[in-house]
Amino acid sequence: MRSTQFDLSGKRVLVTGGTGFIGGRLVERLVLEHKADVRVLVRNFARAPRIARFPIEMVQGDVTRPGDVERAVSGCEVVFHCAYGNQGNREMQRLVNVEGTRNVLAAALHARVKRVVYLSTLMVYGTTPDGDLDEVAPRRYSGNIYADSKLDAERIAFDYIEKHGLSVAILQPTAVYGPFAPVWAVDVLQRLKTEHVILVNGGDGLCNAVYIDDAVSAILLAAVKESAVGEAFLISGEQPVTWRDFYGGYARMLGTAEMVSVSAAELLKAHYAQKRRKTKGILRETLSILREDPLIRERLLRTPEVVLLTKAGRSLLPKPIRQSLKRRIGSNSRTSRPQVASEREKPLRPMSPPTVQFYAAKTRVRIGKAKRMLGYQPAFDLESGMRLTEQWARWANLL
Amino acid sequence: MNKLKLAIVGCGAITQGIHLPVTALSNQVEVTVLVDKFLPRAHELADKYGVPVVADEYREIIGKADAAIVSLPNYLHAPVTIDLLQHEVHVLVEKPMALKTSNCDEMIEAASNTGAVLAVGLVRRFYGSSQFVKQIVENGLLGNILGFDLREGIIFRWAVASDSMFRKEAAGGGVLVDIGPHALDLLLWWLGGYTSVEYYDDAMGGVEADCELHLRLQCGASGVVELSRTRNLRNSWIIRGERGTLEVGTGFNPLIRLKTKNRDVVLAGRVARDGVADKTIQDVFRRQFDDFVDAILSHREPFVPGQEGRRAVELVETCYALRQPSKQPWMFLEGPRHGALESALP
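About the thresholds
Residues numbered from 1 in each chain as written. Chains lettered and ligands numbered in written order. Predicted model: local features only at pLDDT ≥ 70, side-chain atom pairs only at ≥ 80, totals over all residues. Heavy atoms only, no water. Helix = DSSP H or I, 4+ residues; strand = E, 2+ residues; numbered from the N terminus. Buried < 20%, exposed > 50% of the residue type's maximum accessible area, 1.4 Å probe, protein only. Contact = heavy atoms within 4.5 Å. Areas by Shrake-Rupley, 256 points an atom, 1.4 Å probe, with all protein chains shown as cover. Buried area = accessible area lost by both parts, 1.4 Å probe. Salt bridge = Lys/Arg side-chain N within 4 Å of Asp/Glu carboxyl O. Nonpolar A, V, L, I, M, F, W, Y, C, P; charged D, E, K, R; others polar. Pairing = 2+ DSSP bridges. Axes fitted to C-alpha atoms, helices over the stretch in contact; angles between N-to-C directions. Parallel < 35°, antiparallel > 145°, perpendicular 65-115°, else oblique. Left-handed = near helix turned anticlockwise from the far one by under 90°. pLDDT = per-residue confidence, 0-100. Polar contact = N/O pair within 3.5 Å; in protein donor to acceptor, adjacent residues only side chain to side chain. Domains from an automatic or database assignment. Core = buried A, V, L, I, M, F, W, Y, C linked by side-chain atoms within 4.5 Å.

## As for the overall build of chain A
Part 1: When its secondary structure is counted, chain A shows 16 helices and 15 strands.
Part 2: Split into buried and exposed, the 399 residues of chain A put 56% on the buried side.
Part 3: Expressed as a percentage of contacts within chain A between residues at least 6 apart in sequence, the contacts between residues at least 24 apart total 79%.
Part 4: Counting every atom, chain A has about 17700 Å² of accessible surface; 53% of that belongs to carbon and sulfur.

What follows is the structure, encoded as structure tokens:
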């Protein structure tokens, strides 16, 4: 009788992206829970302190170099491909996400790897509509370089499954949060500390979030379950939560951080009004750079010139929105936070239409397929996930 | 006057970023040999700085150099330094001077036997701020010292040229053996010896990224030292005395705040020498290097000799012997909650 799963214990496995957030936690659990013999392909050793706490093998290399990947994959039974490009220009990101994935799959085929788990993303479905979303929904390009290149990489993975019979399982996690999460923990806290976060439509939109350990449990299941082969699985928490609750969880950790409710219509109106005034150019370009790099943003935002510019920038917002914001900010209790002055100084960031749409959508990601075929069962709801995230954030000096 | 012939053993990031630029500024020294087991790396740096000889084996410097900077993976500090000292080569060894106190003793003995200078690269002793704190504490401005608190951590960005500092067998440990010697050396230098220590870190078969020490000192003060490679911490010392509190940043030219007790007076400023503050970390390394060279030429002890470097090694060694795991609740999952995964595995 054919076994439907196998044990990772003592097996040599490769993790790409192991110095990152999801890959890093995967490395930890592979060692701690499965006693796997873990190898990590490391591009930059400066990012290795967390995984270096474990007895693993680190191989220097880059997923964009086929030779490096072949060397790293050699001798491994399972490959977890978590590396992705989030630096450099669009071409560089595409190179890492698409060609990097192709290199990993080619090397895995050549080395007769038993299983490849490829970490894709919910974003391959493009702008998601309200209502239920499952894996039969059409994949769509959205113009977002990360999402589009992940979609291309996913297609290459399906090619390897169909044409070469490579044993690949694809996971499409939603917003992964938890300790060390760069986007859905560190950035959110940073934004709440440095700006007035806008809740689109009062934060009524749905946030399909998954706690890091649930995402990693799904990855591990995809590595051992035979039924995972050739399939893609959406991975999220048991139920979506509202963005109000998600951001609210972080705001509570900080004691308080004022958030501003603005309707999607108002935000879009403001966006197009700004566009008409041709205020783009250096200001808009700078803002987009600052949005992408929280470290630079934080440093620049502290300079007196930027504080002044931000004040001036605020005056560019259409009058009704300005008044609406003033009312809302003004109506908040001053007793809730000691530094009222600095709270008032916080800038308000403009939102692009895709971002407005992202936060306004009421998409419900269904995880029935992962439950049925992988035995995936989220163990964390928002409350328990946020509790651990808060303990970590306090320790990490982020609160 | 003939220039001292200097070899630099180990061509890692610190040699490229600090030692070569700093030694190039000295008119008393000529770098004659660069050693690295990876010769192309040595050649690359030798070409840039006009160093005539490269070698992939440190023993080739014997007879070719009067002095050496040893900047190798930690586990090699002791054996290479001892060998060089025994061949009367003066050595400035990077911190930690060794991984064990027994090795420190052998290094000190080798220097003593041959008369060669052994200096330890605890560069923070050369910070103007460190020397200022030493003076403040010694002249009693703070009164008896009651407590201290150091939180030092940045999300690691050091441009490491290899994985040697992350391999336990090469580095001997993680952040404790990396930043620890600097921090603990200053603590012991400023406030004197310790009587007890509790130590916690997060290593799980590899090298720790974060650690915490709870110390009690002979002077009666107690406090915490927390070091991190994964977090941006406060990055300052707070030293609390009967008469006031001193806060000093951990960087090379930090702001120093002195708060007097029961008075709402806070004095703040930076340390300068003759009105000039250090502009870059290289300025500090230059003082360290000049001290090493002067110790050789003047036949005197360097500012941080082996006996001084040994103290931090002893404390690090004690910490590892007493190690307890850090409490990080997000690290370990509760079994029953992850029943699905466990039941999926044989």
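## Examining the interface of chain A and chain B
Part 1: Facing the 41 residues of chain A at the interface are 36 residues of chain B.
Part 2: The junction of chain A with chain B conceals about 3100 Å² of combined surface from both sides, 65% of it contributed by carbon and sulfur atoms.
Part 3: The tally of links from chain A across to chain B stands at one salt bridge.
Part 4: Of all the secondary-structure elements, those providing two or more residues to the side of chain A that touches chain B are α1 (21-32), α6 (212-224) and α16 (382-395) of chain A.
Part 5: Sorting elements by how many residues they give to the side of chain A that touches chain B places α6(A) first, with six residues.
Part 6: When the residues that make up the side of chain A that touches chain B are grouped by side-chain class, the tally is 23 nonpolar, eight polar and 10 charged.

## Looking at the pattern of salt bridges
Part 1: Under the defined criterion, the tally for this structure stands at 47 salt bridges over all chains.
Part 2: B:Arg287 is paired through a salt bridge with B:Asp278; the nearest N and O atoms lie 2.8 Å apart.
Part 3: Classification of B:Asp278 as buried rests on a relative accessible area of 13%.
Part 4: What emerges from the salt-bridge pattern is a single network uniting A:Arg25, A:Glu28, A:Arg29, A:Glu33, A:Arg50, A:Arg53, A:Asp213 and B:Asp202.

## Structural notes on the sheet that holds strand β1 (residues 4-9) of chain B
The strands that make up a sheet pair up through hydrogen bonds in the backbone, lying either parallel or antiparallel.
Residues and elements named next belong to chain B.
Part 1: If you walk across this open sheet you meet the six strands as β3-β2-β1-β4-β5-β6, and the pairing is parallel. Here the strands that pair on one side only, and so sit at the sheet edges, are β3 (53-55) and β6 (118-121). Going across the sheet, the axis of each strand differs from the next one's by a mean of 25 degrees, ignoring polarity.
Part 2: With respect to the sheet, helix α2 (residues 39-49) is in contact with β2 (29-35) and β3, its orientation differing from that of β3 by roughly 160 degrees.

## Some words on the packing of α1(A) against α6(A)
All names here are of chain A.
Part 1: Contact pair α1 / α6: the axes reach a minimum separation of 10 Å and the direction vectors enclose 65 degrees. Taken together, the axis directions place α1 and α6 in an arrangement best described as roughly perpendicular. The way α1 lies across α6 gives a crossing that is right-handed. Each of Phe21, Ile22, Arg25, Leu26, Arg29 and Leu30 in α1 lies in contact with α6, whose residues at this interface are Ile212, Asp213, Val216, Ser217, Ile219 and Leu220.
Part 2: Tallied by class, residues from the contact of α1 with α6 come to eight nonpolar, one polar and three charged.

## Some details on the confidence of the model for chain A
Part 1: Averaged over all residues, the pLDDT of chain A equals 88, while 81% of them reach at least 70.
Part 2: Below a pLDDT of 50 lies the segment residues 328-341 of chain A, which in the model reaches 17 contacts outside its immediate sequence neighbourhood of four places, other chains included.

## Regarding the side chain of B:Asp178
Residue and element names in this part refer to chain B.
Part 1: Mapped onto the secondary structure, Asp178 falls in helix α7 (residues 175-178).
Part 2: A polar contact is formed between the side chain of Asp178 and the side chain of Arg229, at a distance of 3.2 Å.
Part 3: Each residue touching Asp178, except ones within four places of it in the same chain, is listed here: Lys95, Phe156, Met165 and Arg229.

## A few points about the domain arrangement of chain B
Residues and elements named next belong to chain B.
Part 1: Splitting chain B by domain gives domain 1 (4-123) and domain 2 (125-286 + 313-329).
Part 2: Computed from C-alpha coordinates alone, the two centres of domain 1 and domain 2 are separated by 26 Å.
Part 3: Contact with domain 1, which involves 23 residues of that partner, is made by 24 residues of domain 2.
Part 4: Taken together, the two surfaces of domain 1 and domain 2 that pack against each other cover about 2100 Å², and 69% of this comes from carbon and sulfur.
Part 5: When residues of domain 1 are sorted by the area they lose upon contact with domain 2, Lys95, Leu122 and Val123 head the list and together hold 33% of the total.
Part 6: If you look at where domain 1 meets domain 2, you find one salt bridge.

## Here we look at the nonpolar core
Part 1: One finds A:Leu30, A:Val38, A:Phe80, A:Leu171, A:Phe246, A:Tyr250 and B:Phe166 to be the most contacted residues of the largest nonpolar core, which totals 99 residues.
Part 2: When residues of this core are assigned to their parent elements, the largest contribution, 10 residues, is made by α6(A).
Part 3: By size, the runner-up hydrophobic cluster in this structure holds 62 residues, among which are B:Val31, B:Tyr58, B:Ala67 and B:Phe285.

## What to know about the pairing of strand β7 (residues 168-173) of chain A
All names here are of chain A.
Part 1: Counting buried positions over the six residues of β7 gives six, a clear majority of the element.
Part 2: The alternating pattern of β7 places Val168, Ile170 and Gln172 on one face and Ala169, Leu171 and Pro173 on the opposite face, and all of these are buried.
Part 3: The sheet contact formed by strand β5 (residues 115-119) and β7 spans four bridges and is parallel. Note on β7: the bridge partner recorded for Leu119 is Leu171.
Part 4: Where β7 lies against strand β12 (residues 232-235), four bridges are found, and the strand directions are parallel. Bridge assignment links Pro173 to a residue of β12, and that residue is Ile235.

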